[in-house]
Amino acid sequence: MDQSGEIVLVGCGNMGFALLEGWVARFGIAADRIHVVEPVEALRRRAVAAGAAAYADASELPQALQPRAFIVAVKPQVIGSMLATYRRFSATAAFVSIAAGVPIATFEATLGAVPIVRDMPNMPASIGMGVIAAFANAHTGNVQMAYVSDLLAAVGNVHWLPEEELINAATAISGSGPAYLFHFIECLTEAGIAVGLPVETAHALAKQTVDGASTLASASVFSPTELRQQVTSPNGTTAAALEVLMAEPSLAALLREAAAAAHQRALELAVVG
Ligand SMILES: NC(=O)c1ccc[n+]([C@@H]2O[C@H](COP(=O)([O-])OP(=O)(O)OC[C@H]3O[C@@H](n4cnc5c(N)ncnc54)[C@H](OP(=O)(O)O)[C@@H]3O)[C@@H](O)[C@H]2O)c1
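Being a predicted model, the structure only gives us computed values, none of them experimental. Just so you know, the residues in each chain are numbered from 1, in the order the chain's sequence is written. Given that this is a predicted model, residues contribute local features only at a pLDDT of at least 70 and side-chain atom pairs are listed and counted only at 80 or more, while totals for whole chains, interfaces and linings are drawn from all residues. The side-chain quantities take in all heavy atoms of the structure and omit both hydrogens and water.

Glancing now at the site of the ligand. Near residues are defined by distance, with any heavy atom within 4 Å of the molecule or strand qualifying the residue. The local shell around the ligand holds 21 residues, among which N14, M15, E38, V74 and K75 are the closest. Polar contacts here mean pairs of N or O atoms no more than 3.5 Å apart (in protein, one a potential hydrogen donor and the other a potential acceptor; neighbouring residues in sequence count only if both atoms are side-chain atoms). E38 is positioned such that a nitrogen or oxygen atom in its side chain is 2.8 Å from an oxygen atom of the ligand. K75 places a side-chain nitrogen or oxygen 2.4 Å from an oxygen atom of the ligand. Points on a 1 Å grid, built from protein atoms alone, make a cavity when a 1.4 Å probe fits but cannot get out and make a pocket when they are open with protein on both sides within 12 Å along at least 5 of 7 lines; residues with an atom within 4 Å of a point are the lining residues. To be counted as sitting in a cavity or pocket, a molecule needs more than half of its atoms within 2 Å of that site's grid points. Its atoms largely coinciding with the cavity grid, the ligand occupies the second largest pocket. Counting only elements with at least two residues in the shell around the ligand, the list comes to α1 (14-26) and α3 (76-82). Each helix is a run of H or I in the DSSP string that is no shorter than four residues. Each strand is a run of E no shorter than two, and both are numbered from the N terminus.

This is the structure we're talking about:
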């Protein structure tokens, strides 16, 4: 893996910082070779505490900087107004955008025919367990592709998609997905409290059950369907619960609807980026 060179990370909020943490711990890059541009002082301090160099404004970046990767981790709505400032970095860097919805064409309109990778990571990247869907434009050469691949693989499982549009679908599943699971833990905790468990116990049982079940689903030779069947004794407690979850409106139907809403929002964000 080639970890030489420097990285510019624009936007160091929830996801930008998750990537920063993941790269510092797993990419083998010295943290001070990551240059963060972030207007929020508290977030700059957090980036500096992680070892990165941080600046309030693009104008403060070192003039001689020639980054290998330029990571766009700002909200989609900000991208249109910020890109031109960074045009000079396209001479050396592959541009890597994690913004939901914003198409590569938006970047090309300002930056021209330069290497641009659009990807959709998720929050577990901070602990090296991210899922990253990615698509590179035709101007991304082999060397840049290899570098960006390594960068993304350092923080999770990378799935290169055959069409850019599929990034929006991935956003609805793996990008937003951790929030669905966090909400599931919240709901299971509430359900535990409702059947009489103390709050702390309900929370621990819910969280550890999701953790154990998801680790088992990854490690097992059995499919999730087979594992579910193994938990479900005929006429037992799980069967009683699943009758509720599978009746209309079923959990499956709700999740389909939720993912469709996320997908639609990603399409709408293409317009504002
Ligand atoms: N959160 C996730 O799980 C996740 C997952 C995958 C992809 N993404 C994508 O990642 C991007 C960032 O999301 P987020 O959740 O990390 O948002 P966030 O927490 O709001 O972080 C974005 C940060 O960028 C700052 N910013 C605004 N304008 C800037 C500029 N011109 N230059 C540098 N920094 C600027 C923001 O400051 P202000 O608050 O002052 O505007 C904010 O601190 C979005 O495009 C989102 O679609 C997020």
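In space, the eight strands of this open sheet follow the order β3-β2-β1-β4-β5-β6-β7-β8, with mixed pairing throughout. Unpaired on one side and paired on the other, β3 (53-55) and β8 (156-160) mark the two borders of the sheet. Sheet twist, expressed as the mean angle between neighbouring strand axes with direction ignored, is 25°. Any two residues whose heavy atoms approach within 4.5 Å are treated as being in contact. Only the contacting stretch of a helix is used when fitting its axis, a line to C-alpha atoms as for every element, and angles between N-to-C directions run 0 to 180 degrees. Against the sheet, α1 makes contact with β1 (7-10), β2 (34-37) and β4 (69-72), and its axis sits at roughly 170° relative to β2, the strand it touches most. One bridge is not enough; two strands pair if DSSP finds at least two bridges between them.

We now examine helix α4 (residues 104-111). Of the residues making up α4, those classed as buried are I104, T106, F107 and L111. Considered in projection along α4, the buried side chains sweep an arc of 160° and stay on one side of the axis. Against the buried residues of α4 lie β4, α3, β5 (94-97), β6 (116-120) and β7 (130-136). Just downstream of α4, G112 is the residue with a positive phi angle, here 85°. Note on exposure labels: buried denotes an accessible area under 20% of the residue type's maximum, exposed denotes more than 50%, and partly exposed covers the range between, all computed with a 1.4 Å probe on protein chains only. Regarding the arc, it is the one traced by the directions from the helix axis to the C-beta atoms.

Here we come to the layout of surface pockets. A volume near 950 Å³ is recorded for the second largest pocket. If you go around the second largest pocket, you meet 40 residues; those closest to its centre are M15, A73, V74, K75 and P76. Those elements that place two or more of their residues in the lining of the second largest pocket are α1, α3, α6 (166-175), α7 (177-194) and α11 (251-272). Here the lining of the second largest pocket takes five residues from α3, the largest share from any one element. Grid points are joined across faces, edges and corners, and a volume is the space filled by probe spheres set on the points.

Take the UniProt feature "domain: Pyrroline-5-carboxylate reductase dimerisation" (unreviewed entry) in the protein next. UniProt positions are given in the numbering used here, feature names are shortened, and annotations may be inferred rather than shown by experiment. Feature annotation in UniProt assigns "domain: Pyrroline-5-carboxylate reductase dimerisation" (unreviewed entry) to the following positions: residues 164-269. Between the end C-alpha atoms of residues 164-269 the distance is 15 Å, and the span holds 81% helix and 0% strand.

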